[in-house]
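Architecture at a glance
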Amino acid sequence: MPDKISLREAERKVFQSSFNDGLWDILLGGFVTMFAIAPLLSASLGDFWSSAIFLPIWGVLYLAIWLTRKLVISPRIGTVSFGKVRKNKLRKFTWLMLAFNGIVFIFGCLVALNLIRIPGWGMTSLFGLMLLAGFSLAAYLLDFPRLYLYGLLLFVAAPIGEWLRTEFGATHHGYPIVYGVASGVMILTGLVAFVLFLKDNPVIPIPADGAPNERTGA
């Protein structure tokens, strides 16, 4: 039993180390940027298209992250093969997040079409709770504690934006300000983590037989 526990713990640490390169932070920060920019586009594009226009941008960002992981990260840490338990957890995470984002998307469409009407502060609180729930779920399933902090940051962003609107007249419920700051914090954290990762992990020399390096989880 002690051996099984130690192997499981070792796999968990290897899995957590895959977040140390900061690329997830940059990807999530890019996603949050939409909440800062979309309100500025709503007057010309409408509520729906001001958000939908970011879909191809996310695709390009995800492709850039994937290529960076493949061409820059893998040569430094090798590839990782996880066990059945971890793979099942990742599969569960994928389906749960797809379901969660689908629900949020449908809800957003209903609000944009005025099929659901909620007073300003109620909508703000509900939106913040959705972000907190989504980030907390991801943090739990991925063993990525930093996501809890990001969830809290986004949870308080919406009410702070409303406060900036009522007290200082900030436009668009203050979203360009608060979500701009939140995305900036996440992207900056990711960039710092990425630079430190490159510094601490030089490129692994290729073995004489040309076989790639691989770390295996239990």
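The paragraphs below set out a description of the structure included in this document. (Residues numbered from 1 in each chain as written. Predicted model: local features only at pLDDT ≥ 70, side-chain atom pairs only at ≥ 80, totals over all residues. Heavy atoms only, no water.)

Description of helix H3 (residues 55-77)
Three or four residues apart is the spacing at which side chains of an α-helix point the same way, because the helix has 3.6 residues per turn. Applied cut-off: Numbering of helices and strands runs from the N terminus, with a helix taken as a DSSP run of H or I at least four residues long and a strand as a DSSP run of E at least two residues long. To estimate how far a helix should reach, multiply one less than its number of residues by 1.5 Å. Residue burial is assigned from relative accessible area. The probe radius is 1.4 Å, only protein chains are included, and a residue is buried under 20% of its type maximum, exposed over 50%, and partly exposed in between.
Compared with the 33 Å implied by 1.5 Å per residue over 23 residues, the 31 Å span of H3 between its first and last C-alpha is a close match. Among the residues of H3, those classed as buried are Ile65, Ile73, Arg76 and Ile77.

Focus: the nonpolar core
For clarity, the threshold we go by: Joining through side-chain atoms within 4.5 Å is the link that ties buried Ala, Val, Leu, Ile, Met, Phe, Trp, Tyr and Cys residues into a set, and such a set is a nonpolar core. The contact definition used throughout considers only heavy atoms, calling two residues in contact when any of these lie within 4.5 Å.
The biggest cluster of nonpolar side chains holds 29 residues, and the ones touching the most others in it are Val32, Phe35, Phe135, Leu147, Leu154 and Tyr179. For this core, the element with the highest residue contribution is helix H5 (residues 120-142), accounting for seven residues. Sequence-distant contacts of leucine 154, defined by excluding residues within four places in its chain, comprise Val32, Gly128, Leu131, Phe135, Tyr179 and Ala182. The next biggest cluster of nonpolar side chains, apart from the first, holds eight residues, and it includes Ile26, Ile65, Ile73 and Ile77.

Some thoughts on the side chain of aspartate 25
On the secondary structure map, aspartate 25 appears in helix H2 (residues 23-52). With a relative accessible area of 0%, aspartate 25 lands in the buried category. Ignoring any residue separated from it by four or fewer positions in sequence, one finds aspartate 25 in contact with Phe19, Phe144, Arg146, Tyr150, Met186, Ile187, Thr189 and Gly190.

Focus on unusual backbone geometry
The phi angle at aspartate 143 is positive, at roughly 55°, despite the residue not being glycine. With respect to the element layout, aspartate 143 can be found in the loop between H5 and helix H6 (146-168).

Description of the packing of H3 against helix H7 (residues 175-200)
Operational definition: In this description, a line fitted to the C-alpha atoms serves as the axis of each element, helices being fitted only across the stretch in contact, and the angle between N-to-C directions of two axes falls anywhere from 0 to 180 degrees. Each angle is binned into one of four classes, with values under 35 degrees roughly parallel, values over 145 roughly antiparallel, values of 65 to 115 roughly perpendicular, and all other values oblique. Crossing handedness is defined as follows: a turn of the near helix away from the far one that is anticlockwise and smaller than a right angle gives a left-handed crossing, while the clockwise case is right-handed.
At their nearest, the axes of H3 and H7 sit 10 Å apart, and the two run at 40° to each other. Regarding the angle of H3 to H7, the classification is oblique. Relative to H7, the crossing made by H3 is left-handed. Within the contact between the two elements, H3 uses Thr68, Val72, Ile73, Arg76 and Ile77 and H7 uses Phe194, Phe197 and Leu198.

Things to note about the pattern of salt bridges
Convention followed: For this analysis, a salt bridge means a side-chain nitrogen from Lys or Arg found within 4 Å of a carboxyl oxygen belonging to Asp or Glu.
The final tally for this structure, using the stated rule, is three salt bridges. Residues arginine 69 and aspartate 21 are paired through a salt bridge, measuring 2.9 Å at the closest nitrogen-oxygen approach. One end of the pair, arginine 69, is in helix H3; the other, aspartate 21, is in the loop between helix H1 (2-17) and H2, and 48 residues separate them in sequence. On the basis of relative accessible area, arginine 69 is assigned to the partly exposed category, the value being 25%. Residue aspartate 21 is classed as buried on the basis of its relative accessible area, which comes to 2%. Arginine 165 is the partner of glutamate 162 in a salt bridge, and the nearest nitrogen-oxygen pair spans 3.1 Å. Of the two residues, glutamate 162 and arginine 165 are both situated in helix H6; the distance of three residues between them amounts to about one turn of the helix. A relative accessible area of 35% means that arginine 165 is categorised as partly exposed.

A closer look at the packing of aromatic side chains
Keep this limit in mind: Planes of paired rings set the category: under 30 degrees apart is stacked, over 60 is edge-to-face and the rest tilted, where pairs are Phe, Tyr or Trp rings (Trp by its six-membered ring) whose centres lie within 6.5 Å.
One pass over the structure, following the stated rule, counts four aromatic pairs. With 5.3 Å between their ring centres and 80° between their planes, tryptophan 163 and phenylalanine 168 make a pair best called edge-to-face. By relative accessible area, which is 44% here, tryptophan 163 ends up partly exposed. Note on tyrosine 175 and tyrosine 179: the rings are 5.1 Å apart at their centroids and 85° apart in plane angle, and the pair reads as edge-to-face. Of this pair, tyrosine 175 and tyrosine 179 both sit in helix H7, separated by four residues, roughly a single helical turn. There is no split in this pair, since tyrosine 175 and tyrosine 179 are both buried. Through successive ring pairs, a cluster of aromatic residues spans Phe31, Phe35, Tyr175 and Tyr179.

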